[in-house]
Amino acid sequence: MIKMRVRYSKEEEACLLSHHEVQAALVRWLRRSNLPLVYSEGFNQRVRIETGIPTGVGMVSLQEYVDVLLDAWSPLADRANALERTAPPGLRFLAAVDIPLTAPSLMGQPMILRYEYTWEHRADIDAEQMKAHMTSFLALPMLMVERENSKSRAPKDIRKYVLTAQISTRTPLRTHVGVFFDQSGTIRMDEVIKYIFGLDAKVAPMPIITRQSVLLNMSDAFVDPMDVA
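We now turn to the structure provided with this report. (Residues numbered from 1 in each chain as written. Predicted model: local features only at pLDDT ≥ 70, side-chain atom pairs only at ≥ 80, totals over all residues. Heavy atoms only, no water.)

Moving on: the packing of aromatic side chains. Applying the stated criterion across every chain, the model contains four aromatic pairs. Consider the rings of Y8 and W29, whose centres lie 6.0 Å apart with planes at 90°: the pair is edge-to-face. One end of the pair, Y8, is in strand β1 (residues 2-10); the other, W29, is in helix α1 (residues 19-32), and 21 residues separate them in sequence. Taken as a pair, Y8 and W29 share a single burial class, namely buried. A ring pair is formed by W119 and F197, whose centres lie 5.6 Å apart and whose planes are at 75°; its orientation type is edge-to-face. Here the residue W119 occupies a position in strand β5 (residues 111-119), and F197 occupies one in the loop between α4 (189-196) and β10 (208-218), the gap between them amounting to 78 residues. Per residue, the accessibility class of W119 equals that of F197, and both read buried. Connected via pairs of aromatic rings, a cluster forms that spans Y117, W119 and F197. (Phe/Tyr/Trp six-rings, centres within 6.5 Å; stacked < 30°, edge-to-face > 60°. Helix = DSSP H or I, 4+ residues; strand = E, 2+ residues; numbered from the N terminus. Buried < 20%, exposed > 50% of the residue type's maximum accessible area, 1.4 Å probe, protein only.)

Dropping the structure here:
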């Protein structure tokens, strides 16, 4: 048995899929590739895959990952060709690498995620005011916000999850935000817009959000997920 890590992008119409729909598309993609997939045991057998932290509906992602278990070895180049050839619309194969079977799951490790926010129309956004909000946010030692779910409400320090925030260009208005993720969670995209940019999501035009990169914590160093081999 071998474990293969696949890097792919999620663009175009695939951005409109939910996380569960993306997982279903991945399974169909892997089956079409005719790779020797490993299935779970029991009556309702499932393809054994592990995905990374999901992106929201409508979000572009230039780096998505899925770990796939295979029950027979074949040349990696052949597998890569099969995945590239059978990729569905909006999911583009980028690379594949074999990793140790003992490698931690993608969701089981702290990671750094880098996002880009782009506004095609910035008439109602003051870039200087946004810059001031970002500077003030980064200067905070903590920022407690109330998180609500179906069962309860609880305070959460979202400041600890933000590593960097800066305006990259002003025409078009483009910002980059680096965030930290671990088992305790991370900052939400709507919280970035509200607390880092200082924008009212109900009034301000919504940005195009793109996940640009992912780094995993391996042996106290953050590395490219494909480098764990």
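Still more ground to cover, so stick around.
Within helix α2 (residues 76-86), the full set of buried residues consists of R79, A80, A82, L83 and T86. Along the axis of α2, the buried residues cluster in a sector spanning 160°; they form a single face. Across from the buried face of α2, at angles greater than 90 degrees, the exposed residues are E84 and R85. The inward-facing, buried residues of α2 abut β1, α1, β3 (60-70) and β4 (91-99). (Arc of directions from axis to C-beta. Contact = heavy atoms within 4.5 Å.)

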